[in-house]
Amino acid sequence: MTISVNDCVAAITSHTRGLAAAADDNLTARIEHCPDWSMGDLVWHLSSVHWFWNEIATRLPLTEPDDLVRPKRPAEAELIPTLLSGVEVLADTLRRADQQAPCWTWGRDQNVWFITRHQVQEAAVHHWDAVNASHGQDWAMDHVMATDAIEEFLTHSIGNPRWPVSDAAPLGATFNLPGTAFAVADGVLPGTLDRSTAVVAPPGDPGSVLLWLYRRVPDEAVIPSTVDAGLVARFRAFTFTD
């Protein structure tokens, strides 16, 4: 499976616009999985994320982001327009960028492609947050993009050589991700997991599995009842979503 820069940019833009639509006239709604946030806080968060990664992608070579001066939060009436204009700036930057250009990231890959690829799930999951807090809105994610997002998560957001999870108990078994051809097992290094190809892929919707990885939906929504709950809990201990 191969996705392009244009695929990613289209998904980032579409999910951001979906968030904006769900937030319209609803900025005081509470965000279930970010309980200290209102919808307005969620909108500003994604705006800030877009601004931050646009700065990283345009200040090459930037070794550390410590010197970035973050913008001030606009007035409430400007939150959604700021989000929509900001995602267009980021989209234009990512379309034009050399995806292999080295830059600072928190992931295992230190290049612009990491930004382009990861911002898909950032926008998609927060789009779901907004829909979950609104009424009469729908959320869906393209299966190809969701599958790529899961692969990306299993590369950067589980215990790995750059970010081992030293206090996590070993899996002790192979865990197959539903709705995908991916499996994970204990890595060679303590505190790490390695991704492989599942022998048998349990059925499931990749978009829902991505939401599960981000702790937006419960285990029973995606994990077959035949899977050992202890194995699922041990896998969880290896994941991080900040």
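Bear in mind that the values here come from a model prediction, so they are computed numbers and not experimental data. (Residues numbered from 1 in each chain as written. Predicted model: local features only at pLDDT ≥ 70, side-chain atom pairs only at ≥ 80, totals over all residues. Heavy atoms only, no water.)

K.L.:
Sorry, what's going on with the packing of aromatic side chains here?
P.N.:
Centre distance and the angle of the planes are the two values used to describe a pair of aromatic rings. Counting across every chain of the model gives 9 aromatic pairs. Here tryptophan 106 and phenylalanine 114 contribute two aromatic rings whose centre-to-centre distance is 5.1 Å and whose plane-to-plane angle is 90 degrees, an arrangement assigned as edge-to-face. Per residue, the accessibility class of tryptophan 106 equals that of phenylalanine 114, and both read buried. Plain terms: the ring middles of phenylalanine 153 and tyrosine 214 are 5.4 Å apart, the flat faces sit at 70 degrees to each other, and that makes the pair edge-to-face. With a gap of 61 residues between them, phenylalanine 153 in helix H5 (residues 143–156) and tyrosine 214 in the loop between helix H6 (206–213) and helix H7 (219–222) connect regions that are remote in the sequence. Using a relative accessible area of 0% as the deciding quantity, one classes phenylalanine 153 as buried. For tyrosine 214, a relative accessible area of 8% puts it in the buried group. One aromatic cluster in this structure is built from Phe52, Trp53, Trp104, Trp106 and Phe114. (Phe/Tyr/Trp six-rings, centres within 6.5 Å; stacked < 30°, edge-to-face > 60°. Buried < 20%, exposed > 50% of the residue type's maximum accessible area, 1.4 Å probe, protein only. Helix = DSSP H or I, 4+ residues; strand = E, 2+ residues; numbered from the N terminus.)

K.L.:
For this particular structure, what's the right way to read the packing of helix H2 (residues 39–58) against helix H4 (residues 112–132)?
P.N.:
Packed helices, taken two at a time, are described by the angle between their axes plus the distance between the axes. Packing of H2 against H4 brings their axes to within 11 Å, and their N-to-C directions diverge by 175 degrees. As summarised for this structure, H2 and H4 are arranged roughly antiparallel, according to the angle between their axes. Of the residues in H4, those in contact with Met39, Leu42, His45, Leu46, Val49, His50, Trp53, Ile56 and Ala57 of H2 are Phe114, Ile115, Gln119, Glu122, Ala123, His126, Asp129 and Ala130. Residue composition of the contact of H2 with H4, grouped by class: 11 nonpolar, 4 polar and 2 charged. (Axes fitted to C-alpha atoms, helices over the stretch in contact; angles between N-to-C directions. Parallel < 35°, antiparallel > 145°, perpendicular 65-115°, else oblique. Contact = heavy atoms within 4.5 Å. Nonpolar A, V, L, I, M, F, W, Y, C, P; charged D, E, K, R; others polar.)

So, to be careful, I would describe these as geometric facts and stop short of saying anything about function.
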